[in-house]
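# Structural overview for review
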Amino acid sequence: MFRKLKRGATKEVSNEVDKENLPKHIAIIMDGNGRWAVSRNLPRISGHKAGVEAVREVIRYSSDIGIQFLTLYAFSTENWNRPVSEVNGLMELLVLYLKKEIGELSRNNVKINVMGDISKLPKKAVLEIEKAVTSTSNNTGLTVNIALNYGSRSEILKAAKKLCQSVKSSSIDIKDIDENLFSQYLYTKNIPDPDILIRTSGEQRISNFLLWQIAYSELLFIEVYWPDFKSEHLMEAIIDFQSRQRRFGGL
Ligand code: FPP
């Protein structure tokens, strides 16, 4: 078990969730850090700092109740358009987070995985990410996918190009290309599609996140800004998911 949550919420909360019907994969668009900070007359980076606390809490809760995959949209291909100081601040927060948390994550059997083109990230960040991925690679508990320099259209294009190359070199026949094979060319290969996609801050957009993978995901748009997102919100989201009837196009 992770350290007990400050408000002692974990035990009480997990009792209300049906453990037999847990979503395997939860994906989150962590939105609203900037507005959280501005509403408190704080610099935007304070919102991201507070956002890291929410990341910690959500990982602990997910791990404690037995979620298998948690995918967090931490930095999109479009986020490079932000002021350099904010981009650098976000990268520093990521490095600090990994340095500080990797021991506890490992002890709790959490596996860190990244999705996106991390080669464009600052060297320090790349090194810390690689360390985290390698040192947790044999863990078998919760897998946390951190989407970094991730964009879904570019992921799909990359997959299409790789497939074209395989066809050109005759290692794949066009008639063998189906949805399963295509999925194997995405960052999420071998990971089930998200059962739930949550976006915080009240915005109702997908913003180039997991466009292929969320074809049948249940969408949940939550009003609170990301730094205010607590394990209780995740619990409510899971209970909401458990009350929904998923038909995957059938009756
Ligand atoms: C969106 O809020 C949030 C981001 C672009 C960054 C998310 C990053 C973190 C929570 C911290 C680092 C992550 C990890 C995994 C340690 P926004 O800035 O777009 O908010 P706004 O729409 O209110 O301006």
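Since this is a predicted model, take the numbers as computed values, not measurements.

## Focus on the overall build of the protein
Check the secondary structure of the protein and you find eight helices and six strands. Each helix (α) and strand (β) of the protein, taken in turn from the N terminus, gives the series α-β-α-α-β-α-β-α-β-α-α-β-β-α. Here the protein has a C-alpha radius of gyration of 18 Å; the compact-globule value for 251 residues is 18 Å, and the two agree. Of the accessible surface of the protein, which amounts to about 13300 Å², a share of 51% is contributed by carbon and sulfur atoms.

## Focus on the pattern of salt bridges
What the rule picks out here adds up to twelve salt bridges. Arg56 is paired through a salt bridge with Glu53; the nearest N and O atoms lie 2.3 Å apart. One end of the pair is Arg56 and the other is Glu53, both in helix H3 (residues 44–65) and three residues apart, which spans about a single turn. A residue is classified by how much of its surface remains accessible, and Glu53, at 42% relative accessible area, is partly exposed. One continuous salt-bridge network, built from bridges that share partners, spans Asp31, Arg35, Arg199, Glu203 and Arg205.

## Here we look at the sheet that holds strand E4 (residues 143–150)
Read from one edge to the other, the open sheet built from six strands follows the order E3-E4-E2-E1-E5-E6, with strand pairing classed as parallel. Two strands close off the open sheet at either side, each with one partner strand: strand E3 (111–115) and strand E6 (218–221). Across this sheet, the average inter-strand angle for adjacent strands is 20°, counted without regard to direction. Strand direction decides the pairing type here: strand E2 (residues 69–76) and E4, joined by seven bridges, are parallel. Along E4, the bridge assignment pairs Tyr73 with Ala147. Sheet strands in contact with helix H8 (residues 231–243) are strand E1 (25–29), strand E5 (196–199) and E6, and its direction is about 140° off that of E5.

## A short note on the layout of surface pockets
Size it by volume and the largest pocket reaches roughly 730 Å³. Met30, Tyr73, Ala74, Phe75 and Asn79 are the residues nearest the centre of the largest pocket, which is lined by 34 residues in total. Of all the elements in the fold, those that place two or more residues in the lining of the largest pocket are helix H2 (33–38), H3, E2, helix H4 (84–107) and E4. Counting residues per element, the lining of the largest pocket draws most heavily on H3, which supplies six residues.

## Examining the packing of H3 against H4
At a minimum axis separation of 10 Å, H3 and H4 run at an interaxial angle of 25°. The pairing of H3 with H4 is recorded here as roughly parallel in orientation. In the crossing of H3 with H4, the sense of the turn from one axis to the other is right-handed. For the pair formed by H3 and H4, the contact residues are Arg44, Ile45, His48, Lys49, Val52, Val55, Arg56, Ile59 and Arg60 on the first element and Glu86, Gly89, Leu90, Leu93, Tyr97, Lys100, Glu101, Glu104 and Leu105 on the second. The residue makeup of the contact of H3 with H4, split by class, is eight nonpolar, two polar and eight charged.

## Structural notes on the confidence of the model for the protein
Atom-level detail of predicted coordinates should not be read off regions where pLDDT is low. Taken as a whole, the protein shows an average pLDDT of 94; of its residues, 94% reach a score of 70 or greater. Residue range residues 3–14 is modelled with pLDDT below 50. Its contacts to residues more than four positions away, or to other chains, number 21 contacts.

## Describing H8
Structurally, the α-helix is built with 3.6 residues per turn, so residues lying three or four positions apart point the same way. Compared with an ideal rise of 1.5 Å per residue, which puts 13 residues at 18 Å, H8 spans 18 Å between its outermost C-alpha atoms and is within 8% of the ideal. When H8 is considered as a whole, its buried residues turn out to be Ser231, His233, Leu234, Met235, Ala237, Ile238, Phe241 and Gln242.

## Notes on the nonpolar core
Soluble globular proteins tend to pack their nonpolar side chains together in the buried interior. Ile26, Ile28, Ile59, Leu148 and Ile198 are the most contacted members of the largest nonpolar core, which totals 48 residues. Considering each element in turn, this core owes the most residues, nine residues, to H4. Setting aside chain neighbours within four positions, we find Leu148 in contact with Ala74, Phe75, Leu94, Val114, Met115, Gly116, Asp117, Ile118, Leu121 and Ile129. By size, the runner-up hydrophobic cluster in this structure holds ten residues, among which are Met115, Tyr150, Leu197 and Leu210.

## A word on the environment of Lys131
One can find Lys131 in helix H5 (residues 123–135). As for Lys131 and Leu98, which are separated by 33 residues in sequence, their C-alpha atoms are 9.0 Å apart.

## What about the site of the ligand?
What surrounds the ligand is a group of 16 residues, the closest being Met30, Gly34, Arg35, Arg44 and Arg82. At a separation of 3.1 Å, an oxygen atom of the ligand approaches a polar side-chain atom of Asp31. Protein contacts shield 91% of the accessible area of the ligand, which totals 630 Å² for the unbound molecule. One can see that the ligand is located within the largest pocket. If you list the elements that add at least two residues to the shell around the ligand, you get H2, H3 and H4.

Cut-offs and rules
- Residues numbered from 1 in each chain as written.
- Predicted model: local features only at pLDDT ≥ 70, side-chain atom pairs only at ≥ 80, totals over all residues.
- Heavy atoms only, no water.
- Helix = DSSP H or I, 4+ residues; strand = E, 2+ residues; numbered from the N terminus.
- Rg over C-alpha atoms; globule rule 2.2 N^0.38 Å.
- Areas by Shrake-Rupley, 256 points an atom, 1.4 Å probe, with all protein chains shown as cover.
- Salt bridge = Lys/Arg side-chain N within 4 Å of Asp/Glu carboxyl O.
- Buried < 20%, exposed > 50% of the residue type's maximum accessible area, 1.4 Å probe, protein only.
- Pairing = 2+ DSSP bridges.
- Axes fitted to C-alpha atoms, helices over the stretch in contact; angles between N-to-C directions.
- Contact = heavy atoms within 4.5 Å.
- 1 Å grid on protein atoms, 1.4 Å probe; cavity = no way out; pocket = protein on both sides within 12 Å on 5 of 7 lines; lining within 4 Å.
- Points joined across faces, edges and corners; volume = space filled by probe spheres on them.
- Parallel < 35°, antiparallel > 145°, perpendicular 65-115°, else oblique.
- Left-handed = near helix turned anticlockwise from the far one by under 90°.
- Nonpolar A, V, L, I, M, F, W, Y, C, P; charged D, E, K, R; others polar.
- pLDDT = per-residue confidence, 0-100.
- Expected span 1.5 Å × (residues − 1).
- Core = buried A, V, L, I, M, F, W, Y, C linked by side-chain atoms within 4.5 Å.
- Near = heavy atom within 4 Å.
- Polar contact = N/O pair within 3.5 Å; in protein donor to acceptor, adjacent residues only side chain to side chain.
- Sits in = over half its atoms within 2 Å of the grid points.

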